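Each chain, written out:
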Amino acid sequence: MPIATPEVYNEMLDRAKAGKFAYPAINVTSSQTLHAALRGFAEAESDGIVQISTGGAEFLGGQHNKDMVTGAVALAEFAHIVAEKYDVNIALHTDHCPKDKLDGYVRPLLAVSEERVKAGRNPLFQSHMWDGSAETLADNLAIAQELLPRAAAAKIILEVEITPTGGEEDGVSHEINDSLYTTVEDAVRTAEALGLGEKGRYLLAASFGNVHGVYKPGNVVLRPELLKQLNDGVAAKFGRPADSKPFDFVFHGGSGSTVEEIRTALENGVVKMNIDTDTQYAFTRPVVDHMFKNYDGVLKVDGEVGAKKTYDPRTWGKLAEAGMAQRVVEACQSLRSAGTKIK
């Protein structure tokens with residue numbers, strides 16, 4: 001199947017919300033990690049989301065120029081071609097983009113999709129994230145109000161993060177403290193500023209104790225039940241049915257989460273869960289194993305010539321792809337998206 005059209009992406013999100021499952025959103029940094037993600041989704045029979053962070057895009061742009069837009073566009077164009085060989089629907093998304101990188105990342109990428117749509121084509125990416133969590137909520141929402149109609153016109157869904165996620169990702173960091181919990185007041189102000197779909201669809205990364213990076217279960221206090229309070233509070237404020245779940249929530253910083261925490265989040269409206277740390281490890285771990293086991297083959301030790309078949313990148317690259325793909329399958333199973341692909 002090809003990369004999801006805007007209509008298919010909306011259907012994916014609607015089905016996830018109605019079915020109380022979520023799509024893993026897998027960060028990729030190369031053609032190989034892209035194939036690992038696609039393979040994992042296909043093996044799980046799950047549609048899914050592939051995303052590129054600012055750091056990932058810079059890496060993709062090459063270390064000579066480190067151009068984020070070039071890197072993101074190049075991999076997205078590549079994905080549009082190779083995804084047709086996988087029998088699942090894949091949406092392309094750009095991950096965390098703070099204020100100081102909007103002009104060098106999201107805004108130019110929006111312009112690319114605007115031109116494509118004007119020419120009668122689909123957008124290059126299906127969604128973009130504006131990460132204003134380091135700004136005041138007022139400034140955060142003001143920028144979101146500028147981006148949302150532009151995204152909607154280009155048939156793109158905007159993702160907004162209204163309160164901080166702890167830890168660090170691509171240079172954006174927040175302390176782990178009580179500010180990591182979105183309030184009903186925050187949610188109401190968001191709905192007042194961005195609407196509830198009538199101004200354009202958006203995904204909401206609300207905070208319930210989430211932390212980016214690596215941590216063991218129990219080190220961070222997650223409160224996914226808070227999402228129900230946010231939905232209920234906004235529904236009451238805007239005269240919606242009590243069980244309407246007006247927001248499409250995103251789960252950030254989920255590494256180390258328990259199955260119970262994930263399931264509670266799904267019950268309360270999470271439709272997308274970002275996964276990066278765990279898939280990075282799953283990609284690297286088989287490579288390390290290969291290098292340790294074939295030390296005298298991958299290196300020309302003591303004047304020897306090594307073994308070409310062991311240091312050939314294709315040899316250990318296949319192992320890396322398989323390891324990451326398996327972790328994507330596990331993510332689909334945990335998020336209950338396995339077996340739900342749109343036929």
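See the structure shown above.
These notes cover the structure that comes with them. These numbers were taken from a predicted model, which means no experiment stands behind them. (Residues numbered from 1 in each chain as written. Predicted model: local features only at pLDDT ≥ 70, side-chain atom pairs only at ≥ 80, totals over all residues. Heavy atoms only, no water.)

**Focus on the side chain of asparagine 274**
Part 1 of the argument: Along the chain, asparagine 274 turns up in strand β10 (residues 270–275).
Part 2 of the argument: In this structure the side chain of asparagine 274 is engaged in a polar contact, spanning 3.3 Å, whose partner is the side chain of histidine 252. (Helix = DSSP H or I, 4+ residues; strand = E, 2+ residues; numbered from the N terminus. Polar contact = N/O pair within 3.5 Å; in protein donor to acceptor, adjacent residues only side chain to side chain.)

**Overview of the pairing of strand β1 (residues 23–27)**
Part 1 of the argument: With respect to burial, β1 is a largely interior element, five of its five residues being buried.
Part 2 of the argument: Note that β1 and β10 share four bridges and pair parallel. Residue pairing for β10: isoleucine 26 is matched across the bridge by isoleucine 275.
Part 3 of the argument: Here β1 runs beside strand β2 (residues 48–52); their pairing, made up of three bridges, is parallel. (Buried < 20%, exposed > 50% of the residue type's maximum accessible area, 1.4 Å probe, protein only. Pairing = 2+ DSSP bridges.)

**What about the side chain of asparagine 268?**
Part 1 of the argument: Position of asparagine 268 among the secondary structure elements: in the loop between α9 (259–267) and β10.
Part 2 of the argument: Those residues in contact with asparagine 268 that sit more than four places away from it in its chain are Pro224, Glu225, Leu227, Lys228, Asn231 and Phe249. (Contact = heavy atoms within 4.5 Å.)

**Digging into the nonpolar core**
Side chains that are nonpolar tend, in soluble globular proteins, to be buried together.
Part 1 of the argument: Judged by nonpolar contacts, the single largest core of 83 residues is most densely connected at Phe41, Tyr105, Val160 and Phe247.
Part 2 of the argument: Phenylalanine 41 has contacts with Pro24, Ile26, Ser46, Asp47, Gly48, Ile49, Val50, Val88, Ile90, Val328 and Cys332, leaving out every residue within four places of it along the chain.
Part 3 of the argument: Core analysis: the second largest hydrophobic core is formed by 16 residues, Tyr9, Phe21, Ala205 and Val250 among them. (Core = buried A, V, L, I, M, F, W, Y, C linked by side-chain atoms within 4.5 Å.)

**Notes on the packing of aromatic side chains**
Part 1 of the argument: Applying the stated criterion to the full structure yields four aromatic pairs.
Part 2 of the argument: Both rings, one in tyrosine 202 and one in phenylalanine 247, keep their centres 6.5 Å apart while their planes meet at 55°; by these two values the pair is tilted. Taken together, the residues tyrosine 202 in strand β8 (residues 202–205) and phenylalanine 247 in the loop between α8 (226–237) and β9 (249–251) connect sequence positions 45 residues apart. Here tyrosine 202 and phenylalanine 247 have matching classes, each one buried. (Phe/Tyr/Trp six-rings, centres within 6.5 Å; stacked < 30°, edge-to-face > 60°.)

**Some thoughts on unusual backbone geometry**
Part 1 of the argument: Phi is positive for lysine 20, which is not a glycine, with a value near 55°.
Part 2 of the argument: For lysine 20, the location among the structural elements is in the loop between α1 (6–19) and β1.
Part 3 of the argument: For aspartate 302, which is not glycine, the phi torsion reads 50° and is therefore positive.
Part 4 of the argument: Under the relative-accessibility criterion, aspartate 302 is labelled exposed at 76%.

Spatial relationships are all this shows, so hold off on functional conclusions.
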